[in-house]
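# Overview (structure and organization)
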Amino acid sequence: DGSPAGEQYTPRDVIELMVGILFDGDHDALSVPGIVRTLYDPTAGTGGMLSVAEEHLHKFNDRATLKLFGQELEDETYAVCVADMLIRGQNPANIASGDTLEIDKHPGQQFEYMLSNPPYGVEWKPAEASVRKEHKKGSAGRFAPGLPAIRDGQMLFTLHLLSKMQPFVHDQEGVQRGGSRIGVVHNGSPLFTGDAGSGESEIRRHILEHDYLDCIVALPTDMFYNTNIATYLWFMSNRKPAERRGKVLLLDASNMSQLLKSNLGKKRRELSADGIAR
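Here goes a summary of the coordinates provided. All residue numbers here refer to positions counted from 1 along the written sequence of the relevant chain. Reporting of local features is limited, given that this is a predicted model, to residues whose pLDDT is at least 70; pairs of side-chain atoms are given and counted only at 80 or more, and all residues count toward the totals for whole chains, interfaces and linings. To get the side-chain values, all heavy atoms of the structure are used, and hydrogens and water are removed first.

### What about the nonpolar core?
Operational definition: For our purposes a nonpolar core is just a set of buried Ala, Val, Leu, Ile, Met, Phe, Trp, Tyr and Cys residues, chained together by side-chain atoms within 4.5 Å. Buried means the residue's accessible area, taken with a 1.4 Å probe over protein chains only, is under 20% of the maximum for its type, while exposed means over 50%, and partly exposed covers the values in between. Numbering of helices and strands runs from the N terminus; a helix is a DSSP stretch of H or I covering at least four residues, while a strand is a stretch of E covering at least two. We call two residues in contact whenever any of their non-hydrogen atoms come within 4.5 Å of each other.
If you look at the biggest cluster of nonpolar residues, it comprises 36 residues, and the most contacted ones within it are Met18, Phe23, Leu39, Leu219 and Leu233. Of all the secondary structure elements, the ones that give two or more residues to this core are helix H1 (12–23), helix H3 (48–60), strand S2 (65–72), helix H4 (75–87), strand S4 (113–116), strand S8 (213–218) and strand S9 (231–237). Among the elements that take part in this core, H1 stands out by supplying 7 residues, more than any other. What Leu219 contacts, discounting residues up to four positions off in sequence, is Val14, Leu17, Phe224, Thr231, Leu233, Ala253, Ser254 and Leu271. Formed by 26 residues, the second largest nonpolar core is a distinct cluster that contains Tyr40, Phe111, Leu161 and Ile182.

### Overview of the packing of aromatic side chains
The condition that has to hold: Any two of the Phe, Tyr and Trp rings considered here, Trp counted by its six-membered ring, make a pair once their centres fall within 6.5 Å; the pair's planes then place it as stacked at under 30 degrees, edge-to-face at over 60, or tilted in between.
Taken as a whole and judged by the stated rule, the model has 3 aromatic pairs. Here the aromatic rings of Tyr40 and Phe111 are separated by 4.5 Å at their centres, their planes lie at 10°, and the arrangement is stacked. Of this pair, Tyr40 sits in strand S1 (residues 36–41) while Phe111 sits in the loop between strand S3 (95–97) and S4; the two residues are 71 residues apart in sequence, bridging distant segments of the chain. For Tyr40, a relative accessible area of 0% corresponds to the buried category.

### Digging into the pattern of salt bridges
Side-chain pairing between opposite charges can occur once the charged atoms of the two side chains come close. We apply this condition: We count a salt bridge whenever a side-chain nitrogen from Lys or Arg sits within 4 Å of a carboxyl oxygen from Asp or Glu.
Here the structure, examined in full by the defined rule, presents 16 salt bridges. The shortest N-O distance in the salt bridge between Glu16 and Arg12 comes to 3.2 Å. Residue Glu16 and its partner Arg12 are located together in helix H1, separated by 4 residues, close to a single helical turn. Its salt-bridge partner being Arg12, residue Glu55 comes within 2.5 Å of it at the nearest N-O pair. Of this pair, Glu55 sits in helix H3 while Arg12 sits in helix H1, placing them 43 residues apart in sequence.

### What to know about a nonpolar patch on the surface
Definition in use: Each patch is built from salt-bridge-free residues with over 30% relative accessible area, joining like charges within 9 Å and nonpolar side chains (Val, Leu, Ile, Met, Phe, Trp, Tyr) within 5 Å. Using the Shrake-Rupley algorithm and a 1.4 Å probe, accessible areas are obtained, with residue cover drawn only from the displayed protein chains.
The grouping of Leu208, Val248 and Leu250 at the surface amounts to a nonpolar patch, some 290 Å² of accessible area in total. By secondary structure assignment, the location of Val248 is in the loop between S9 and strand S10 (249–252).

### Structural notes on H4
Put simply, the rule reads: The span one expects for a helix is its residue count, reduced by one, times 1.5 Å. An arc is given here, and it is the one of the directions from the helix axis to the C-beta atoms.
The terminal C-alpha atoms of H4, which comprises 13 residues, lie 19 Å apart, in line with the 18 Å expected from a rise of 1.5 Å per residue. All of the buried residues along H4 are Thr77, Cys81, Val82, Asp84 and Met85. Seen along its axis, H4 keeps its buried residues to an arc of 160°; they face one direction. For H4, exposure combined with an orientation more than 90 degrees from the buried face picks out Asp75, Glu76, Leu86 and Ile87. Contacts made by the buried residues of H4 are with H3, S2 and S3.

### Side note on the side chain of Gln166
Of note, Gln166 is situated in the loop between helix H6 (154–162) and strand S5 (168–170). Ignoring sequence-local partners within four residues, the contact set of Gln166 consists of Gln110, Phe111, Glu112, Gly178, Gly179, Ser180 and Asn238.

In structure tokens form, the structure reads like this:
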């Protein structure tokens, strides 16, 4: 189809799982009538993650508002995403066009929830000058902890998402406010690429030392339309519940799928509603 290797639509069953885990534990807060929350996807594609999340929230609270934000590099997918936002009554101006690594089109904005399926194994050379400049800014930039090898930019998207987290604070009455939760699809590379001291290793160190990593889910293979590689869902948060602090949950869901009746490209397996709930 002529598209770069890293471009992949995220199947609905995978998004349903991600959204379920992202909102898990927040149902009381999200059930309040008139509640307003924000969700952001820096690699928005046609807007699949954004729209499934909104539908999911409306299923258990039709009086909640989820304001959707995103950025997308490819003109055609950007146009489809904006059209979908218009149909949904969202503000189409919240979807920006352009390379998120090169220019953050939502500067200074922070979001309660974030989802992303960034490209795997795609060079970040087009954005290299801006990325290196931001790295040099230290904590004022998005990429302070480290830079991965030029051949694969997916960990830069993780750093970008972490830079968009709201601070998590306790007010004088001891009420907790703010904080963010993030769900990202990765291939195996961010788990093991790079020796100690490398950019990848330093990014992992940063995530673990700040206790952002909440959970990694190993998905079955053959879940995506154009790749049959193993994929992993990373969930990160700066507001882990007390019983989860200092811990990372590893979930092996690699045998929890069922075969499709007929293949959809390379997608041969799907997660059933029961599997997602489990």
